[in-house]
Amino acid sequence: MRDHALPEWRWTHFPAGEIRDKIAASKLKNMGLQRGWPDFVLISPAAIAHALELKRAGEDLTEDQEAFRDWCCGHGVPHAVVRSIDEALAILTSWSALRIRIGGVR
């Protein structure tokens, strides 16, 4: 993303799933960290939020991630679950978020 996202887009990685000690986890929970949010949150130049969830092959969404996906779908927020770099690039290309050309498409 750092190297290939269009500069008009804003994005961040949402590192909520890594292993952490109980003190850090408690602090983040008290600060408002919620389960189910995607790995990347992107905002287009048109002020539309997009959600990108990364999963390993064979890995399923958690119930919280399914609930977040369903909320997005119900509210018109683009949401995608990808399991490979090719899938991620295809989605980001379809959202017009990249400045590189993937398979002849921007």
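Everything that follows concerns the structure shown earlier in this document.
These notes cover the structure that comes with them.

What counts and what doesn't
- Residues numbered from 1 in each chain as written.
- Predicted model: local features only at pLDDT ≥ 70, side-chain atom pairs only at ≥ 80, totals over all residues.
- Heavy atoms only, no water.
- 1 Å grid on protein atoms, 1.4 Å probe; cavity = no way out; pocket = protein on both sides within 12 Å on 5 of 7 lines; lining within 4 Å.
- Points joined across faces, edges and corners; volume = space filled by probe spheres on them.
- Helix = DSSP H or I, 4+ residues; strand = E, 2+ residues; numbered from the N terminus.
- Nonpolar A, V, L, I, M, F, W, Y, C, P; charged D, E, K, R; others polar.
- Disulfide = S-S within 2.5 Å.
- Buried < 20%, exposed > 50% of the residue type's maximum accessible area, 1.4 Å probe, protein only.
- Phe/Tyr/Trp six-rings, centres within 6.5 Å; stacked < 30°, edge-to-face > 60°.

Focus: the layout of surface pockets
Then, in step 1: Approximately 680 Å³ is the volume found for the largest pocket.
Then, in step 2: Listed by contribution, the elements that provide at least two residues to the lining of the largest pocket are helix 1 (22-30), strand 3 (49-54) and helix 2 (63-74).
Then, in step 3: Examining the composition of the lining of the largest pocket, we find that four residues originate from one element, helix 1, more than from any other.
Then, in step 4: Within the lining of the largest pocket, the residues separate by chemical class into nine nonpolar, seven polar and 10 charged.

Description of the state of the cysteines
Then, in step 1: Here the structure, examined in full by the defined rule, presents zero disulfides.
Then, in step 2: Free of any disulfide, Cys 72 has its nearest cysteine sulfur in Cys 73, 6.8 Å distant.
Then, in step 3: You can call Cys 72 buried: its relative accessible area is 1%.
Then, in step 4: The class of Cys 73 is exposed, set by a relative accessible area of 55%.

Quick notes on the packing of aromatic side chains
Then, in step 1: Under the defined criterion, the tally for this structure stands at three aromatic pairs.
Then, in step 2: Considering the side-chain rings of Trp 37 and Phe 68, the 4.7 Å spacing of their centres and the 45° angle between planes classify their relative orientation as tilted. With Trp 37 in the loop between helix 1 and strand 2 (40-43) and Phe 68 in helix 2, the pair connects residues that are 31 residues apart, well separated along the chain.
Then, in step 3: The exposure class of Trp 37 is partly exposed, given its relative accessible area of 35%.
Then, in step 4: Ring plane angle 35° and centroid distance 6.4 Å describe the contact between Phe 68 and Trp 71, whose orientation is recorded as tilted. Of this pair, Phe 68 and Trp 71 are both found in helix 2, three residues apart, which corresponds to roughly one turn of the helix.
Then, in step 5: With a relative accessible area of 46%, Trp 71 lands in the partly exposed category.
Then, in step 6: Among the aromatic residues, those joined into a cluster by ring pairs are Trp 37, Phe 68 and Trp 71.

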